[in-house]
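Observations on the model geometry
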Amino acid sequence: MTLITKKIKRYLRGKFRSDLSAGLTVAMVVIPQSMAYAAIVGINPVFGLFTAIIPTIIAAIFGSFPFLITGPTNPTALVTASVLLPYATRPDYFEFVVALAIFSGVINLSFGLLKMGFLSRYISNSVLVGFLTAVGILVIINQLGSLLGLQLIRAGGSWGAITQIISNFSDINPYALIIGVLSIGIMLTVRSLNKNLPAALMTIVIASLLVFFTGWGGEQNVRIVSDTGLPERIALGFHLPDIPISEITSLALSGVAVALFGFMETVSISKSMSQMSGKPFNPSREMIGQGLACFVGGFFQCIPSSGSPSRTVMNVVNGAKTRFASIFSGLSVLIFLLLFSRLISFIPIPALAAVVIISAAGLININLIKMTWQSHLKSGVAMAITFASALTLPLQYAIYLGILSTILIYLGEKSRVNLSYLVVDENGHYHELPMEKIKEEKSDIAIVNIEGDLYFAAAEDLKTQIESILETDLQVLILRFRRTHLLASTGIMTLDQLLQSAQKKGVKVLFCGLQNEVLEPLQDAGLTEILGESSFFLAEDQLFSSTQRALEQANKIIKNDPC
């Protein structure tokens, strides 16, 4: 018996049932969801099912996190619809949708191959909360027309949809409204009874049966999937997008926005699930997996895809053991498409809208919003900026603005150098006090602890704080660099300027707690030669040992005995 055969038998005995059960459960949820998300994009719901097959299987094979479920998602569908809004009224709009999937896949794949997964560290939780909250609101707004039986023009975005709903309020279809409200009620009821039940699938089935037996179907009453232009032959086959060459540049730029947001969504759920499950997560490899999924999917008539937070959690909770659970999910959707494709045409559009609205409401997490707002002022501001920009600007710009705000917050945090005043009591114990105490105590010797990396953004803050200390009656200033690990060129220039200011005021400056990454730039800049080696004390394994030696040197200087 070969090793491969043994592994297969071991898998079939130990993990196959768990993976199959989790995959089937996810498939029951993704079938109605994927159709609803395709409707958000503005194409026939069938193509959402395609996206729940090809990208799901490919990402499972090539991705990093084994439990991640990839496919159509609520936010990614809305971002896709937003960036393609200029093409919404064109007869070849579908070609732009699948072409966008290919472009976003190429971008994610390129980022992954270039090992740019480190970008995930600049995607803060506050930005994600603000963006997803806004997306939830926008998705609900965009689905109100379908829920009310109004055929709205997609041009104009969400605010245009609100205007059209208000102006056409008297044209609301009562049959569509009944089906939509009833579908919402069914979903909420099923969820409240048992969260493990496929509420979305049950809702679609019940709503479809109701419309069929009451005879409410048809464009004059309740629109069903067949009214949206169902393809004559539903086939999952290769398709080469046909778009004008003049539009490629614009579409590629839009692809960057879709790729970045898809990556944001994927990273947010993968990180949290990785901590829960203990399985490793590699952002760069995940970029490759997501890129391949989106790229290949585009050639098989799929909309842009990304990692799904809700379905990934469901996959883990329902006992998935390996990445085969995701593959089983994709294959289950394929079997459904092959066996029950004719039944898809009878699904009412208001029921799909209800599924989307309930799913979108889950993106608005009030407790998470409160926690983010109350945790830190800068986090709250970043969340608010991202939220406001997502509601008022095209979503691709909101994504860039959100990431930019994260970087600015990071730079803002790093631009502050934390300084503290160290004093020694009669027992030789060191105490860390606020900087203001230096001016109150009026000591001849001051030990200042510097915490933070000294690069260009932080150097000016250090200069301002140290110069205020030099205005006191100090004779010796000891700068402790134990908690500093980076000294850039701007930081060196700032220290040189401070040394010149100290010399003019008759203050001797000593350096202690120096580690090699800080000492070497000082040596290269010639500052160690200017001050002399007796002014520098290297960090040792025992804390405060170099500080103690610097303090002893300072006392000798005070006594005019520098030797």
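As a starting point, this report considers the structure included with it. (Residues numbered from 1 in each chain as written. Predicted model: local features only at pLDDT ≥ 70, side-chain atom pairs only at ≥ 80, totals over all residues. Heavy atoms only, no water.)

With that settled, the discussion passes to the overall build of the protein chain. From N to C terminus, the protein chain includes 24 helices and 8 strands. Relative to the globule expectation of 24 Å for 563 residues, the C-alpha radius of gyration of the protein chain, 31 Å, shows a markedly less compact shape. Principal-axis analysis of the C-alpha atoms places the extent of the protein chain at approximately 105 × 70 × 50 Å. A distance of 14 Å separates the average location of the 39 positive side-chain charges in the protein chain from that of its 36 negative side-chain charges. (Helix = DSSP H or I, 4+ residues; strand = E, 2+ residues; numbered from the N terminus. Rg over C-alpha atoms; globule rule 2.2 N^0.38 Å. Lys, Arg positive; Asp, Glu negative; His and termini not counted. Charge placed at Lys NZ, Arg CZ, Asp CG, Glu CD.)

Taken together, the side chains of Val-205, Leu-209, Phe-212, Phe-213, Ile-335, Leu-338, Leu-339, Phe-340, Leu-343 and Phe-346 make up a nonpolar region of the molecular surface, amounting to roughly 1,100 Å² of accessible area. Listing elements by their share of the nonpolar patch, those giving two or more residues are α10 (199-214) and α14 (324-344). If you tally residues by element for the nonpolar patch, the top one is α14, at 5 residues. The residue Leu-338 is located in helix α14 in this model. (Patch = residues over 30% accessible without salt bridge, like charges linked within 9 Å, V, L, I, M, F, W, Y side chains within 5 Å. Areas by Shrake-Rupley, 256 points an atom, 1.4 Å probe, with all protein chains shown as cover. Salt bridge = Lys/Arg side-chain N within 4 Å of Asp/Glu carboxyl O.)

Formed by 99 residues in total, the largest nonpolar core has its most connected members in Leu-84, Phe-131 and Ile-399. Here Ile-399 is in contact with Val-79, Phe-131, Ala-257, Leu-260, Phe-261 and Met-264, once residues within four sequence places are set aside. Within the second largest apolar cluster, 35 residues are counted, among which are Ala-446, Leu-462, Leu-498 and Val-518. (Core = buried A, V, L, I, M, F, W, Y, C linked by side-chain atoms within 4.5 Å. Buried < 20%, exposed > 50% of the residue type's maximum accessible area, 1.4 Å probe, protein only. Contact = heavy atoms within 4.5 Å.)

For the rest of this paragraph, the subject is the pattern of salt bridges. Pairing is possible between side chains of opposite charge, provided their charged atoms come close. Within this structure, the stated rule accounts for 6 salt bridges. The partner of Glu-247 in a salt bridge is Arg-90, and the shortest N-O contact between them spans 3.8 Å. You can see Glu-247 sitting in the loop between α10 and α11 (248-277) and its partner Arg-90 sitting in the loop between α5 (74-83) and α6 (93-113), a full 157 residues away along the chain. Residue Glu-247 is classed as buried on the basis of its relative accessible area, which comes to 19%. One network of salt bridges, with partners in common, ties together Arg-90, Asp-92 and Glu-247.

A word on helix α22 (residues 516-524). If you check which residues of α22 are buried, you get Val-518, Leu-519, Pro-521 and Leu-522. Taken around the axis of α22, the buried residues stretch over an arc of 165°, which confines them to a single face. The outward face of α22, more than 90 degrees from its buried face, is lined by the exposed residues Asn-516 and Asp-524. On its buried side, α22 packs onto β6 (476-483), α21 (489-504), β7 (508-514), α23 (527-531) and β8 (536-538). (Arc of directions from axis to C-beta.)

This paragraph deals with the sheet that holds β7. Taken in spatial order, the 6 strands line up as β4-β3-β5-β6-β7-β8 in an open sheet, and their pairing is mixed. Lying at the two open borders of the sheet, with one neighbouring strand each, are β4 (430-433) and β8. The mean angle between the axes of side-by-side strands here comes to 25°, regardless of whether they run parallel or antiparallel. Pairing of β6 with β7, which is carried by 5 bridges, proceeds in the parallel orientation. (Pairing = 2+ DSSP bridges. Axes fitted to C-alpha atoms, helices over the stretch in contact; angles between N-to-C directions.)

Residue position: Tyr-397 is located in helix α18 (residues 395-414). You can call Tyr-397 partly exposed: its relative accessible area is 48%. C-alpha of Tyr-397 to C-alpha of Leu-109: the two residues are 288 residues apart in sequence and 22 Å apart in space.

If you walk through the whole model with that rule in mind, you get 18 aromatic pairs. Here the aromatic rings of Phe-47 and Phe-94 are separated by 4.5 Å at their centres, their planes lie at 40°, and the arrangement is tilted. Highlighted residues: Phe-47 in helix α3 (residues 46-51) and Phe-94 in helix α6, separated in sequence by 47 residues. Residue Phe-47 is classed as buried on the basis of its relative accessible area of 9%. For the pair Phe-212 and Phe-213, a centre-to-centre distance of 5.3 Å together with 80° between the ring planes defines the contact as edge-to-face. One exposure class covers both Phe-212 and Phe-213, and it is exposed. Counting every residue linked through ring pairs, the aromatic cluster contains Tyr-11, Phe-16, Phe-324 and Phe-328. (Phe/Tyr/Trp six-rings, centres within 6.5 Å; stacked < 30°, edge-to-face > 60°.)

Positive phi is not limited to glycine here, since Gln-301 has a value of about 65°. By the secondary structure assignment, Gln-301 is in the loop between α12 (283-298) and β2 (306-307). Even without a glycine there, the phi angle at Phe-544 is positive, about 70°. By the element assignment, Phe-544 lies in the loop between β8 and α24 (545-558). On the accessibility criterion, Phe-544 (26% relative accessible area) is partly exposed.

In this fold, Thr-312 is placed in helix α13 (residues 309-317). Note on Thr-312: relative accessible area 0%, which makes it buried. A distance of 3.1 Å separates a polar side-chain atom of Thr-312 from the backbone nitrogen of Ile-69. In this structure the side chain of Thr-312 is engaged in a polar contact, spanning 2.5 Å, whose partner is the backbone oxygen of Ser-308. Residues within four places of Thr-312 in sequence aside, it is in contact with Phe-65, Phe-67, Leu-68, Ile-69, Ile-269 and Met-273. (Polar contact = N/O pair within 3.5 Å; in protein donor to acceptor, adjacent residues only side chain to side chain.)

On to the packing of helix α2 (residues 16-41) against α5, then. Between two packed helices, what matters for the description is the angle formed by their axes and the separation of those axes. In the contact formed by α2 and α5, the axes pass within 8 Å of each other and the chain directions differ by 20°. Classified by the angle between their axes, α2 and α5 sit roughly parallel to one another. Where α2 crosses over α5, the handedness of that crossing is right-handed. For the pair α2 and α5, contact is made by Tyr-37, Ile-40 and Val-41 and by Asn-74, Ala-77, Leu-78, Thr-80 and Ala-81, respectively. Taken together, the residues of the contact of α2 with α5 break down into 6 nonpolar, 2 polar and no charged. (Parallel < 35°, antiparallel > 145°, perpendicular 65-115°, else oblique. Left-handed = near helix turned anticlockwise from the far one by under 90°. Nonpolar A, V, L, I, M, F, W, Y, C, P; charged D, E, K, R; others polar.)

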